[in-house]
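Structure at a glance
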Amino acid sequence: MKFGITKLLHSRRGILATAGLCGLVGILLEHGTYPGENTILVARTLSLCAVMLFLWEQVLSWRTLGSFRKYSRERWPTFVLSVLLILELAGALVGRESTWMATVMKSLHASELTNAYLLIIQIYIVSVFAVELPHMQQRFARWRVRPALAFVLVFLTLLLFGTGLLMLPRATPDHQPISALDALFTSTSAVCVTGLVVRDTGTGFSMFGQTVILILIQLGGLGIMSLTAALSLLLGRGIGVRESSLLREVFHVPMMAEVGRMVRVIILLTLAIEGAGTVVLYRGLAESIPHTGSRLFHAAFHSVSAFCNAGFSLFPDSLISQAGHPLVMGTITALLVIGGLGFGVVIQLWAWFKGRLMDRRNKKFRMDLHTQVVLIVSLFLLVGGGLFIVLLEWNNSLASEPFGMKLSLAFFQSATCRTAGFNSMDLNLLTPASLFLMIILMFIGGAPGSTAGGVKVTALAIVWANVRSVGRGLTRVRLGRWEIEQVQVQRSMLVLSSGLVVAAVSIFILLITEKQELMATVFEVFSALGTVGLSLGLTAKLSVVGKLLVAALMFVGRLGPLTMAASLVGRPAEPRIRFPRGRILIG
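1. Digging into the overall build of the chain
Across its full length, the chain holds 25 helices and 2 strands. Considering the chain as a whole, with its 587 residues, one finds that 45% of them fall into the buried category. Sequence separation of 24 or more characterises 69% of the internal contacts of the chain that already satisfy a separation of 6 or more.

So, in structure tokens, the structure goes:
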């Protein structure tokens, strides 16, 4: 019996591999190129093969589970999808114009559903094939890849795949091909949710290219592992021990059993927030974009870009042209602030709201130290940064604006320069003091476990607490009424110092290769390292070496120095030999 199940499992994986390759080639031929009649025929044949193999894989999945009731209960989404596909195929074979099948198909809207789902199924097949690929060979399955290294490899694979998609003929307007380097730079910027661009997103890419960028932003913002895990949970496949270990490290979940629940909450929360943002932005963009379809795509694109703190915009001037629309600017600000707080903080805020405000009898719920630190430091940076920008630009770039608009633009710029990267002001008109303040905010960034970059607000709080403790002559670091573990202090100091070292070395290299002004170079480096996406115009002037270096900075900034270091070295081990202690004079 066990041998039979193992054989079925191998058969399913073989069928899935074939379906994945057929689906991938079909998608690339039909949607990534400008196909002729023969190419379309080949692409749709491959798509049909992928769907048929998908249905056959579902039959084997039914047999593996041993019960049709169990299969339909645990994997109901694919079961419903399979029924619709079977009806669509039956209608095509029988003839939907002359038989009773036409009535059934029309009542179920099966044609529209399957046309929409066909592409989704192909993408799903390719995704599952990519996830299952390491398990198809026992040699790969035996590899013990560290979670940090796996995280780095997943992001590398994603940005390289995005580079290939952006180089397809249909990703850019006709007769405007993109070079491999520019495609790599754009893909890295999207996956690392930065927003630095070498060509305008709204005019330099087609609808297909913009959709690819949107998908890369979503995958990079939430993490491809969390989305893949959510898909596996939805389709009843479950999460393996290796995937649970990786997700546990990414989301800092204390128990492995909580990983699945955390993934479900994160995905539902993301869909709810981005969906609400899309609805509000759709109304706010009514004056700027009268066409319904284009306005809906713009609303969805900017909602995802804002929540993921990506900073990509379909407008040529970012959001400067929308500065006078409070509904648009207010929604974008809310989305990027929520995205920068982190999923754990948002979930705790919702629990606190229900416990303290909605249920007044329940007063026992309290936020943990992490949430309190994130909220206090984020509020301080938001308000403090906004006030400083208002004061510094009151008689400069904001001189011609009314009082309310001055406050709105200043606070939006204070929020967006902590990793969102949208523009509501012309940065070239700002004073050097304002630009230096923005560099500090870009370096700090948002909260851990969020879509934001930077050294994180918690590291800043711990470093500040350490400096204060050392100044008072204390041997232990305290933050409020809590004592901070020494390992967290060391990691915070490492993140802060390594970020400054990487920035200094990168600034020195860019000053040699680009020969641009110091402020523009420093601003560009900290923008890339903090995954912000703001620029003083240097991005479009970068040389080949400059683009590669800035792309590397975005990658390091998205993953963080600790993850990069953990991926390169093995597990830490204390040396068995102790050396004599030495003293060095300091200060």
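2. Brief notes about the environment of Val-304
Its location among the elements puts Val-304 in helix α15 (residues 292-307). Val-304 gets classed as buried once you look at its relative accessible area, which sits at 9%. The contacts of Val-304, once residues within four sequence positions are left out, are Leu-214, Ile-217, Gln-218 and Glu-274.

3. Regarding the nonpolar core
Counting residues in each nonpolar core, the largest one holds 90 residues, and the members touching the most others are Ile-217 and Phe-523. The biggest single contributor to this core is helix α20 (residues 432-444), with 8 residues. By size, the runner-up hydrophobic cluster in this structure holds 23 residues, among which are Leu-222, Leu-285, Phe-315 and Phe-422.

4. A few points about helix α9 (residues 180-191)
In this model α9 runs 16 Å from its N-terminal to its C-terminal C-alpha over 12 residues, within 8% of the 16 Å that 1.5 Å per residue would give. Counting buried residues along α9, 9 of its 12 residues qualify, which places the element largely inside the surrounding structure. Among the residues making up α9, those that are buried are Asp-182, Ala-183, Phe-185, Thr-186, Ser-187, Thr-188, Ser-189, Ala-190 and Val-191. Two residues or fewer after α9 comes Val-193, characterised by a positive phi angle close to 45°.

5. Some remarks on a nonpolar patch on the surface
On the surface, a cluster of nonpolar side chains totalling about 530 Å² of accessible area is made up of Val-501, Val-505, Phe-508, Ile-509, Ile-512 and Val-545. At 5 residues, the largest contribution of residues to the nonpolar patch is made by helix α22 (residues 486-513). Tracing the backbone shows Ile-512 in helix α22.

6. Details of the confidence of the model for the chain
Detailed reading of the predicted coordinates is not advisable wherever pLDDT falls low. On average, the chain scores 78 in pLDDT, and the residues at 70 or more come to 71%. A low-confidence stretch, residues 96-102 (pLDDT under 50), is modelled with 9 contacts involving residues beyond four sequence positions or located in other chains. For the stretch residues 233-237, pLDDT sits under 50, and the model shows 21 contacts to residues farther than four places along the chain or on other chains.

7. Details of unusual backbone geometry
Despite not being glycine, Asn-309 has its phi angle at roughly 55°, a positive value. Note on placement: Asn-309 falls in the loop between α15 and α16 (326-341). The buried category is assigned to Asn-309, whose relative accessible area is 2%. We note that Ser-318 has phi near 60°; this positive angle belongs to a residue other than glycine. Along the chain, Ser-318 falls in the loop between α15 and α16.

8. Notes on the pattern of salt bridges
One pass over the full model with this rule turns up 2 salt bridges. Across the salt bridge formed by Asp-182 and Lys-547, the nearest N and O atoms sit 2.7 Å from each other. Placement of Asp-182 in helix α9 and of Lys-547 in helix α24 (residues 544-559) is noted, with a sequence separation of 365 residues between them. Accessibility assignment for this pair places Asp-182 and Lys-547 in one class, buried. Note that Arg-476 and Glu-483 form a salt bridge whose closest N and O atoms lie 3.9 Å from each other.

9. Here we look at helix α11 (residues 207-222)
Between the first and last C-alpha of α11 there are 23 Å, a value that for 16 residues agrees with the 22 Å anticipated at 1.5 Å per step. Counted residue by residue, α11 has 13 buried out of 16 residues, so it is predominantly covered.

10. As for the side chain of Thr-194
You can see Thr-194 is positioned in the loop between α9 and α10 (201-204). On the accessibility criterion, Thr-194 (0% relative accessible area) is buried. When residues no more than four places from it in sequence are discounted, the contact partners of Thr-194 are Ser-189, Ala-310, Ala-420, Ser-527, Ala-528, Thr-531, Val-532, Gly-533 and Met-554.

11. Overview of the packing of α22 against α24
Running from N to C, α22 and α24 cross one another at 165°; their axes reach a closest spacing of 10 Å. Classified by the interaxial angle, the pair formed by α22 and α24 is roughly antiparallel. Seen from above, α22 lies across α24 with left-handed handedness. Here Val-502, Ser-506, Ile-509, Leu-510 and Thr-513 of α22 come into contact with α24, specifically with Val-545, Gly-546, Leu-549, Val-550 and Leu-553. Along the lines of polarity and charge, the residues of the contact of α22 with α24 split into 7 nonpolar, 3 polar and no charged.

How each quantity is defined
- Residues numbered from 1 in each chain as written.
- Predicted model: local features only at pLDDT ≥ 70, side-chain atom pairs only at ≥ 80, totals over all residues.
- Heavy atoms only, no water.
- Helix = DSSP H or I, 4+ residues; strand = E, 2+ residues; numbered from the N terminus.
- Buried < 20%, exposed > 50% of the residue type's maximum accessible area, 1.4 Å probe, protein only.
- Contact = heavy atoms within 4.5 Å.
- Core = buried A, V, L, I, M, F, W, Y, C linked by side-chain atoms within 4.5 Å.
- Expected span 1.5 Å × (residues − 1).
- Patch = residues over 30% accessible without salt bridge, like charges linked within 9 Å, V, L, I, M, F, W, Y side chains within 5 Å.
- Areas by Shrake-Rupley, 256 points an atom, 1.4 Å probe, with all protein chains shown as cover.
- Salt bridge = Lys/Arg side-chain N within 4 Å of Asp/Glu carboxyl O.
- pLDDT = per-residue confidence, 0-100.
- Axes fitted to C-alpha atoms, helices over the stretch in contact; angles between N-to-C directions.
- Parallel < 35°, antiparallel > 145°, perpendicular 65-115°, else oblique.
- Left-handed = near helix turned anticlockwise from the far one by under 90°.
- Nonpolar A, V, L, I, M, F, W, Y, C, P; charged D, E, K, R; others polar.

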